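In case you want the letters, here they are:
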Amino acid sequence: MCITSANAEIGYPEKEELKFGFIKLTDMAPIAVAYEKGYFEEEGLYVTIEAQANWKVLLDGVIDGRLDGAHMLAGQPIAATIGYGTQAHIITPFSMDLNGNAITVSNDVWAKMKPNIAKQADGKPVHPITADSLKPVVEEFNAAGKPFNMGMVFPVSTHNYELRYWLAAGGIHPGFYAPHKGDTSGQIDAQALLSVTPPPQMPSTLEAGTIYGYCVGEPWNQQAVFKGIGVPVVTDYEIWKNNPEKVFGITAQFAEKYPNTTIRLTRALIRAAKWLDDNNNANRPEAVKILSQPNYVGADYDVIANSMTGTFEYEKGDKRAVPDFNVFFRHNATYPYYSDAIWYLTQMRRWGQIEQDQSDDWYKDVAAKVYRPDLYAKAAQSLIDDKLIPASAFPDFSSESGFKAPQTHFIDNLVYDGNQPNAYINSFKIGLKQGDKL
């Protein structure tokens with residue numbers, strides 16, 4: 001271990017041997033890079049990394065201590081802490097990335113959507129493609145008594161909320177949850193029926209005709225393009241520019257019991273995230289090589305590179321520059337903002353996973369229990385003191401409130417202010433509002 005002055009002040013890790021879990025997705029990259037580049041080892045941490053079967057198995061592993069920490073859906077620590085699904089106090093000192101998802105539809109559905117989409121001079125579709133173009137297709141299915149099935153990865157995943165956001169913005173109702181009535185299907189009043197499909201199985205489920213579209217992280221949208229079975233129609237960058245995606249989750253108990261270890265693993269992950277974005281993504285080809293190994297993501301190099309290196313292919317041959325499709329460090333991507341946590345909570349309330357009204361303060365209190373910028377700042381400050389990363393690369397910790405300025409880059413042009421969650425919930429045409437109860 002390379003002990004420097006700031007590093008020494010943190011103290012030796014109380015637990016040196018650690019096991020981290022992940023799901024086979026491109027955005028687990030900071031964990032793989034921290035391991036492969038020796039950043040964990042430089043912190044005195046001897047880490048084993050293990051792919052998990054699905055998000056529930058992964059979460060259970062962290063809760064029961066089989067895993068010390070994991071790559072998690074941003075909604076998982078929040079949902080667990082409020083007791084939706086599994087009850088456990090999970091925290092995050094580190095946000096793993098921004099963007100990285102897309103919505104893909106089958107070739108047949110795409111053929112039906114195309115006449116409803118404006119074209120550029122070169123004949124290619126105008127982006128972003130809104131769900132308005134899908135609405136007549138869904139209505140046609142509903143009129144014929146056929147369910148319009150779509151896949152997402154987990155009930156509290158970004159993918160579920162992004163898919164719902166996109167559908168609702170186009171006037172398609174994605175359905176409500178009513179856990180207090182024992183209904184966790186999320187399909188009450190739905191025009192499009194959303195259900196869980198594990199990410200690596202999305203393309204084959206689409207090909208089999210079980211679902212007509214899905215929202216997932218990479219490389220499983222580009223895989224549909226490569227296999228010629230579907231067309232990604234919109235990225236989450238177009239739904240909500242620079243949206244938070246995954247987090248690194250640990251139990252609150254782990255952070256209390258092993259404070260030095262927690263700061264050290266956060267340091268390693270911050271360094272890995274910075275490496276991934278350094279010099280305008282110059283390290284991405286090397287990162288893709290790492291991720292394509294079977295023990296990490298295990299998809300072909302070309303499939304992963306399609307999105308990781310700053311481009312994204314929609315319809316076959318329609319490859320466009322999307323330099324921020326995957327962001328790991330730019331735009332303060334690694335900082336765990338309270339306002340990010342609150343956005344997820346607003347969507348949980350909007351779709352009935354939170355069954356009744358809560359005060360604005362309740363949303364802020366939950367966010368502060370789960371998202372831990374204090375731990376992040378401690379790790380970041382020690383990297384600044386060690387001269388490993390300049391202070392200019394981070395938020396100004398002396399004045400940072402944990403709330404982003406009101407965000408305007410949504411596909412429906414609504415403005416999100418994390419300080420006013422109830423006003424935001426009330427601004428949607430489709431969804432539960434204050435006073436509503438199923």
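Residues numbered from 1 in each chain as written. Predicted model: local features only at pLDDT ≥ 70, side-chain atom pairs only at ≥ 80, totals over all residues. Heavy atoms only, no water.

Convention followed: UniProt positions are given in the numbering used here, feature names are shortened, and annotations may be inferred rather than shown by experiment.
The name an unreviewed UniProt entry gives the protein is Nitrate ABC transporter substrate-binding protein, with Shewanella litoralis as the organism. Its UniProt record gives the protein the following Subcellular location (unreviewed entry) comment, quoted word for word: "Endomembrane system".

1. Here's the deal with the side chain of N281
Test applied: Secondary structure is summarised from DSSP: a helix means a run of H or I of at least four residues, a strand means a run of E of at least two, and numbering begins at the N terminus for each. Any two residues whose heavy atoms approach within 4.5 Å are treated as being in contact.
Its location among the elements puts N281 in helix 13 (residues 259-281). Beyond its immediate sequence surroundings of up to four residues, N281 is in contact with L276, P323 and R330.

2. Remarks on the environment of C215
Defined as follows: Buried residues are those whose accessible area, probed at 1.4 Å on protein chains only, stays under 20% of the maximum for their type, while exposed residues exceed 50% and partly exposed ones sit between those limits.
As for its position among the elements, C215 is in strand 11 (residues 213-217). Residue C215 is classed as buried on the basis of its relative accessible area, which comes to 1%. In this structure, the C-alpha to C-alpha distance between C215 and M202, residues 13 residues apart in sequence, is 8.8 Å. Not counting chain neighbours up to four residues away, the residues in contact with C215 comprise A102, I103, G151, M152, V153, H159, E162, L163 and M202.

3. Let's talk about the nonpolar core
Defined as follows: For our purposes a nonpolar core is just a set of buried Ala, Val, Leu, Ile, Met, Phe, Trp, Tyr and Cys residues, chained together by side-chain atoms within 4.5 Å.
One finds M113, L134, F148, W166 and V233 to be the most contacted residues of the largest nonpolar core, which totals 84 residues. Not counting residues up to four positions away in its chain, the partners in contact with W166 are I103, M113, I129, T130, A131, L134, V233, V234, I239 and I411. Within the second largest apolar cluster, 55 residues are counted, among which are F248, A305, F329 and L383.

4. Considerations on the sheet that holds strand 7 (residues 148-152)
Which entries qualify depends on this criterion: Two strands pair if DSSP finds at least two bridges between them. Axis geometry follows a simple rule: fit a line to the C-alpha atoms, using only the stretch in contact for helices, then measure angles between N-to-C directions, giving values from 0 to 180 degrees.
Judged by pairing direction, the sheet is mixed, and its 5 strands sit side by side in the order 10-7-11-6-12 without closing on themselves. Two strands bound the open sheet, and with one partner strand each, they are strand 10 (192-196) and strand 12 (230-235). The mean angle between the axes of side-by-side strands here comes to 25°, regardless of whether they run parallel or antiparallel. In this sheet, strand 11 lies alongside strand 7 in parallel orientation, the contact comprising 2 bridges. The residue of strand 11 that forms the bridge with G151 is Y214.

5. Focus: the packing of helix 16 (residues 338-350) against helix 17 (residues 360-370)
To keep it simple, the criterion reads: Oblique is the label for any angle not covered by the other classes, which are roughly parallel (under 35 degrees), roughly antiparallel (over 145) and roughly perpendicular (65 to 115). Two helices crossing with the near one rotated counterclockwise from the far one by less than a right angle form a left-handed crossing, whereas a clockwise rotation gives a right-handed crossing.
Between helix 16 and helix 17, whose axes approach to 9 Å, the crossing angle comes to 125°. Between helix 16 and helix 17, the interaxial angle falls into the category oblique. For the crossing formed where helix 16 meets helix 17, the hand is right-handed. Together, Y338, A341, I342, L345, T346 and R349 of helix 16 and W362, Y363, K364, V366, A367 and A368 of helix 17 make up the contact between the two elements.

6. A look at unusual backbone geometry
The amide bond that connects H127 to the next residue, P128, takes the cis arrangement and shows omega of 0°. Mapped onto the elements, P128 comes out in the loop between helix 6 (107-113) and helix 7 (135-143). In this structure, N99 is a non-glycine residue whose phi angle is positive, near 65°. Topologically, N99 is positioned in strand 5 (residues 98-99). In this structure, N332 is a non-glycine residue whose phi angle is positive, near 50°.

7. As for the packing of aromatic side chains
Put simply, the test is: For Phe, Tyr and Trp, rings pair up if their centres lie within 6.5 Å, where Trp contributes its six-membered ring, and each pair is then called stacked (planes under 30 degrees apart), edge-to-face (over 60) or tilted (otherwise). Definition used: whenever NZ (Lys) or CZ (Arg) falls within 6 Å of the ring centre and also within 35 degrees of the ring normal, the charge is taken to sit over that ring.
Counted under the stated rule, the structure contains 30 aromatic pairs. A ring pair is formed by Y338 and F403, whose centres lie 6.0 Å apart and whose planes are at 55°; its orientation type is tilted. Here F403 lies in the loop between helix 18 (373-385) and helix 19 (421-425) and Y338 lies in helix 16, a separation of 65 residues in the sequence. Connected via pairs of aromatic rings, a cluster forms that spans Y161, Y165, W240, W343, Y344, F410, Y416, Y424 and F428. Positioned over the ring face of Y165 is R350, at 5.4 Å from the centre of the ring. Note that R350 overlies the ring of F428, its terminal NZ or CZ placed 3.6 Å from the centroid.

8. A word on the packing of helix 8 (residues 158-169) against helix 16
Packed helices, taken two at a time, are described by the angle their axes make and the gap between the axes. Test applied: Residue classes follow a fixed rule: Ala, Val, Leu, Ile, Met, Phe, Trp, Tyr, Cys and Pro count as nonpolar, while Asp, Glu, Lys and Arg count as charged, and any other residue, Gly among them, counts as polar.
For the pair helix 8 and helix 16, the least separation of the axes is 11 Å and the interaxial angle reads 65°. In the crossing of helix 8 with helix 16, the sense of the turn from one axis to the other is left-handed. Residues T158, Y161, Y165 and A168 of helix 8 form the contact with helix 16, whose own contacting residues are W343, Y344, Q347, M348 and R350. Tallied by class, residues from the contact of helix 8 with helix 16 come to 6 nonpolar, 2 polar and 1 charged.

9. Some points on the pairing of strand 9 (residues 183-188)
Along any regular strand the residues' side chains alternate between the sheet's two faces. Two strands pair when backbone bridges link them, and strand 8 (residues 176-178) and strand 9 are joined in this way by 2 bridges, in the antiparallel orientation. Bridged to F176 within strand 9 is I188. The turn joining strand 8 and strand 9, which pair antiparallel and follow one another in sequence, is formed by 4 residues; a positive phi near 80° is taken by G182.

10. What to know about the environment of L345
Here L345 lies in helix 16. By relative accessible area, L345 is classed as buried at 0%. The spatial distance from the C-alpha of L345 to the C-alpha of K241 is 19 Å, given a sequence separation of 104 residues. In this structure L345 touches I78, I82, I354, W362, Y363, V366 and A367, once residues within four positions along its chain are discounted.

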